[in-house]
Amino acid sequence: MFAVNTAILEQTNQILHIIFLFLPFLWAMGVLPPLDALFLWGMEQLLEFGLGGSPMSSNTKLLVMFLISAGTAIASYFIPSTLGVILFMTGFGFILSLNLSEIGFAFKHTMISHLDSSKSKNVHRGLRIQYGWREFIFYLTVLTFALIEASLLHRFAGLSSFAKASPQTVASCILIILLTIMWILREIQRVYLFGVFRNPFYPKDVRTVPVLMEKQRRLMKVGVVRRILLTLVSPFAMIAFLSLDRSLQNLHSVSVCIGFTRIFRMVWQNTENALLDIVVVSVAQMLVFSPDLWWNRSLDTGIRLLLVGILRDRLLQFISKLQFAIAILLTSWTEKKQRRKSTASLIALNVVFFPILLTFIAVSALLSSPLLPLFTLPVFLIGFPRPVRSWPGPVGAAACVCSDTVYYQQMVPSLAVALQSALAAGSLGVSLPGSHYLCRFQDRLMWILVLEKGFTYCGVNIKGLELRETSCHAAEAHRVDEIFEMAFEHQDHTKILSPNHHFGHILTPCTVLPVRLYSDARNVLSGIIDSHENLKHLKDDFIKVLVWMLVQYCYKKSKTGESPGNADKNRKGAFPADQHSSAAERARPLREDDSFSVDTIEDWTEDSDIFDLEPSGRTKGRKEPGQLGTTPKVHLSIPGSVETQSQDIPQEMSPEEKLYRAVVLGLPAVDKGKQEEVSPRVEFSCSYSELLSIPEEWRTAPMPASKVNEMRQRFPEEWYHFILSQLDFFHLKEKPSDLLEDLIKDKALKDLYIHGVLSCCFGLFGLDNTVPAPSHVFRAYTGGIPWSVGLDWLTGKPELFQLALKAFRYAFKLMVDKASLGPAENFKELVNYLEEYENDWYIGLVSDLEWQQAVLQEKPYLFSLGHDPNMGIYTGRVLTLQELLVQVGKLNDEAVRGQWANLSWELLYATNDDEERYSIQAHPVLLRNLTVQAADPPLGYPVYSSEVLHLPLF
């Protein structure tokens, strides 16, 4: 006996010496797994194939679920009665197949809401499943019926052996029929049957949501029927089959405990595969009734199902890996850009050593490890085993966030809702943990990975790929568009069962989903922005929009109880009707520092400098109320200068303007310190005008009197009166009936708005009345106007500057709409335009932070102006929020895992960090560049990666 043991030990020693000799080579080739990946892979395989569970979305959940599942299998060994074993396995199999983490979160949220209702409102639930009493009652009802069915069938019909007329045989026939029906109902919803022939029942030429809903009504009913069969009918039919099995009579059997604990849970956790496994075992039992056969003599039903499940999974993996290997071999020659000098030699070697290649594929499938194409060439290795997630970090923890990320953030909730119905109906095929899907809409590409799956739920991760397409990205995206257009939009589908022209590609189209997202339209504005007529009306439109915006601003301020005319003071409540405000009744400040204006230069002393920006003289008199900036003054001449006479003729330049241009525009900016600008007091004829008065610090712009007179002539008085007439003042408790008439008649209030509008026009357009050039319009829209005194003053009032910039952008959008749709017929229509811009539009720049906020808030429309300096054209970009069709296709899982394994090997083991390396170049068949992008950072670079999204599949 000792000699025998010694011989075995010596043989083991020799084998280990050989293995240890090759360990450095295996590690260098990336075949030897890291300990953490090996440990997680082992737990995942045992949980899925030994205990009937599902891979988990996180390492913690995987460990906890593995321990609980193993404890359940061990506990079933010690139960003394067969009925108790069946009830225990049925109950725990159902409970463990549920999404326990989300149910726990919902329970915690419910408890918090009961304890403190105020805090519950602040709990962020995101896209989590909303569990409530309805779901709890549903689960409790299903569990109760399952326990009753299992106990009754086992007690009254569970002693008969498997025969042609036995109850278990009848259950087997029902399961075969169910599998056939569900398979037909699943395939009939996909655009291609088996991925080869086009489905004649699938709607043709689907481009819009209404057309899809109209044509897909029958398929939606098919999906509902399949969902009922999958969720309720099939599990109960399989429990009936298992409860009638005689193998359960063998108590305290390890094989029974492992096999039946696994299948009783798999019935709920992975219903489709469990149904297929049971049908295969049933057919085998029907065909072979001989009790002497090894299959019937040595194995109980639970172990048979376990072996069939492992064989099914490995066989499907083998087929997928073989397709991947053949695709690499063929495309290395058929795709011209992939053809290299060594391609012919590599293909010849693969043909000669094809049995070895098949062995590599078989071993890779047996270990459930990726088939690694070295540098994505037809040179294959066996990658080390790893979990189906492929990457070690937390799901959704890292992404290359940029300005394009918000478009994916906005669309993911709606896409998740659409995926729920598609996964539940079966239109995406058999979705198992490790399945990959690719969605396409315009320039957006969404990569979906299924992480875990259980009874009525599925956990997925959605990634968004970059929108700025490189040449490689564009080449592969163009091929993806071709595949989807051929499947969903091509008109030539007259032939029945027409073939899939892209068969063999790793992407197989499945269906289209209605998703609420932004469509992106870009138009060239040539003929609009460079039209002299349009630009001529732009200033007038800007004045109208600015008046409307200033009135709305002051009116909203008055609603909050703060008088906009006194921004430094907080006024609460309505303005009393009997309280008259006048300049004489107010206490004047002890010292008033005049703002820098040519109109305030009254006195010149002999020791003063004409280029001094702060003259020593002070204003001796104030302008009369209601005539702000228009009262003529006697201006003393400069000593030694020639006296000129101003006739206020628009064609001639007044002395004020000459002095302004000579002194102000000819000098650089001078720091004036922290002088407080104080405007002259204004006396209103209506006591309520104070509610609509412009803030005092907005009245201090350095305006020549002639320009104020000119603006008075251009001021749209009728438009101003119309805007005031639209105000309701509902927030005032007591108001006179003729309030609006008094406001309209108040000349002092109107002069304030004239001065405010002129200040903004001066800041954006300067003093010239010339028609602005397209380049100036673009700079004004983007806020990049060259420096001037007017702009310097305007930017010193940030709130007013933002209002002016917003008004200019509204005016530009109005110019574009008038050029496209025609001018507004009346003031009411113009107000409707502006109110629509205010409520439903964001008009700005793509680079603005507010643009991203508007996308996340789902503003119905967004508009931006752009410029292409290379082509010299101006473009308008409009985003429209609407429900549109997103195309979805299923990817070859093993092709993705293999390319990700090569990416990991090449960057971490071979340390090839060349950004232009061969393995990242475009490959239209393998989608190599897109696959690399979809990898987790730092090896990949998706611009968006969601957390685990738990989708309910009720």
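In what follows, the structure referred to is the one given above.
Attention here is on the structure that accompanies the text. (Residues numbered from 1 in each chain as written. Predicted model: local features only at pLDDT ≥ 70, side-chain atom pairs only at ≥ 80, totals over all residues. Heavy atoms only, no water.)

Side note on the overall build of the protein
Stage number 1. On a plain count of helices and strands, the protein comes out with 31 helices and 13 strands.
Stage number 2. Across the 954 residues that make up the protein, the buried fraction comes to 51%.
Stage number 3. Here the contacts in the protein between residues at least 6 apart in sequence split such that 75% fall between residues at least 24 apart.
Stage number 4. With an accessible surface of roughly 45300 Å², the protein has 61% of that area assigned to carbon and sulfur atoms. (Helix = DSSP H or I, 4+ residues; strand = E, 2+ residues; numbered from the N terminus. Buried < 20%, exposed > 50% of the residue type's maximum accessible area, 1.4 Å probe, protein only. Contact = heavy atoms within 4.5 Å. Areas by Shrake-Rupley, 256 points an atom, 1.4 Å probe, with all protein chains shown as cover.)

A word on the pairing of strand S11 (residues 873-891)
Stage number 1. Among the 19 residues that make up S11, 16 are buried, leaving the element largely enclosed by the rest of the structure.
Stage number 2. Bridge count for strand S8 (residues 507-524) against S11 is 17 bridges, and the pairing is antiparallel. In the sheet register, Val512 faces S11, and the bridge partner there is Gln887.
Stage number 3. Of the pairings in the sheet, the one linking strand S10 (residues 861-868) to S11 comprises eight bridges and is antiparallel in character. Bridge assignment links Gly866 to a residue of S11, and that residue is Thr875.
Stage number 4. In this antiparallel pair of consecutive strands, S10 and S11, the connection spans four residues, and Gly872 shows a positive phi of 70°. (Pairing = 2+ DSSP bridges.)

A look at the environment of Leu445
Stage number 1. Mapped onto the fold, Leu445 is located in strand S6 (residues 444-454).
Stage number 2. Of the residues examined, Leu445 reaches a relative accessible area of 1% and is grouped as buried.
Stage number 3. Put simply, Leu445 and Val886 are 441 residues apart on the chain and 9.8 Å apart in space, counted from C-alpha to C-alpha.
Stage number 4. Those residues in contact with Leu445 that lie beyond four places of it in its chain are Tyr408, Leu438, Cys439, Arg440, Lys463, Gly464, Leu465, His473, Ala477 and Leu930.

Considerations on the packing of aromatic side chains
Stage number 1. In total, this model carries 36 aromatic pairs according to the counting rule given.
Stage number 2. Measuring from ring centre to ring centre gives 5.7 Å for Phe138 and Tyr139, while their planes differ by 55°; the resulting arrangement is tilted.
Stage number 3. A relative accessible area of 25% means that Phe138 is categorised as partly exposed.
Stage number 4. For the ring pair Tyr139 and Phe455, a centre distance of 6.3 Å and an interplane angle of 55° mean the geometry is tilted. Taken together, the positions of Tyr139 in helix H7 (residues 133-157) and Phe455 in the loop between S6 and strand S7 (457-464) put the pair 316 residues apart, joining distant regions of the chain.
Stage number 5. For Tyr139, a relative accessible area of 7% gives the class buried.
Stage number 6. A connected cluster of aromatic rings, assembled from ring pairs, spans Phe94, Phe138, Tyr139, Phe236, Trp268 and Phe455.
Stage number 7. Against the face of Tyr781 rests Arg809, its NZ or CZ located 5.2 Å from the ring centre. (Phe/Tyr/Trp six-rings, centres within 6.5 Å; stacked < 30°, edge-to-face > 60°. Lys NZ or Arg CZ within 6 Å of the ring centre and 35° of its normal.)

Brief notes about helix H19 (residues 532-559)
Stage number 1. Helix length check: H19, at 28 residues, gives a terminal C-alpha distance of 41 Å against a target of 40 Å (1.5 Å per residue), a fit within 8%.
Stage number 2. Helix geometry: H19 is bent most strongly at Leu538, by close to 30°. (Expected span 1.5 Å × (residues − 1). Bend = angle between axes of the 7 residues up to and from the residue.)

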